Amino acid sequence: MKCISVYTDNFEAFSDIFERVVDSPMEENEEQEVEGITVSHSGDVPEHYLERMSVKPEVVVMRDKSRGLTILQHGKVFEILLPVLETA
C-alpha cells in the first residue's frame, strides 16, 4: 500500500484538499504544499501496518470503499493508504 501523509489535525481542511491529494501523482519521498498543508508520499507500507495501527485507541480509521483506500487519523496527521496495482 502506498502511504500519503497529510500534516494537519483539522478534518475540514483535510476534507477540502482530499480529492486533489489522492488524484495528484507523487513520487516516493516527494513533499508538496496544498493550501498551506504539507503533504508527502511516505512510501509503501506493509499490510500489517494497517492492522497494527487500527487497534490503537488513538487512531481513527475511515474507509473509502469505492476507491479501496483507507484513511488513518492520529495526532496531527492523516495517512491515506492507497492500494498499489500489481503489474505483471
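Data block above holds the structure.
Everything numeric in this text was worked out from a predicted model, so none of it was measured.

## Things to note about the side chain of His 74
Assignment of secondary structure puts His 74 in strand β5 (residues 69-74). In contact with His 74, not counting residues within four places along its chain, are Tyr 49, Met 53, Glu 58, Val 59 and Glu 79.

## Let's talk about unusual backbone geometry
A positive phi angle, close to 70°, is found at Asn 29, a residue other than glycine. Position of Asn 29 among the secondary structure elements: in the loop between α1 (11-23) and β2 (31-34). You will see that Glu 35, though not glycine, has its phi angle at about 50°, which is positive. Look at Glu 35 and you get exposed, because its relative accessible area is 56%.

## Quick word on the side chain of Asp 64
Structurally, Asp 64 can be placed in strand β4 (residues 60-64). Here Asp 64 sits buried without a salt bridge, and the closest side chain of opposite charge, Arg 67, lies 4.2 Å off (N-O distance). A distance of 2.6 Å separates polar atoms of two side chains, one belonging to Asp 64 and the other to Ser 66.

Rules used in this analysis
- Per chain, residues are indexed from 1 in the order of the written sequence.
- Two thresholds apply to this predicted model, a pLDDT of at least 70 for residue-level local features and 80 or more for giving and counting side-chain atom pairs, whereas whole-chain, interface and lining totals are computed over all residues.
- Hydrogens and water molecules were not included; the side-chain quantities draw on all heavy atoms of the structure.
- Here a helix means four or more residues in a row that DSSP labels H or I, a strand means two or more in a row labelled E, and each is numbered from the N terminus.
- Contact definition: two residues touch when any of their heavy atoms are within 4.5 Å.
- Between buried and exposed lies partly exposed: a residue is buried under 20% and exposed over 50% of the maximum accessible area for its type, with that area taken using a 1.4 Å probe on protein chains only.
- His residues and chain termini do not enter the charge count, which takes Lys and Arg as positive and Asp and Glu as negative.
- Criterion for a salt bridge: a side-chain nitrogen of Lys or Arg within 4 Å of a carboxyl oxygen of Asp or Glu.
- Polar contacts here mean pairs of N or O atoms no more than 3.5 Å apart (in protein, one a potential hydrogen donor and the other a potential acceptor; neighbouring residues in sequence count only if both atoms are side-chain atoms).

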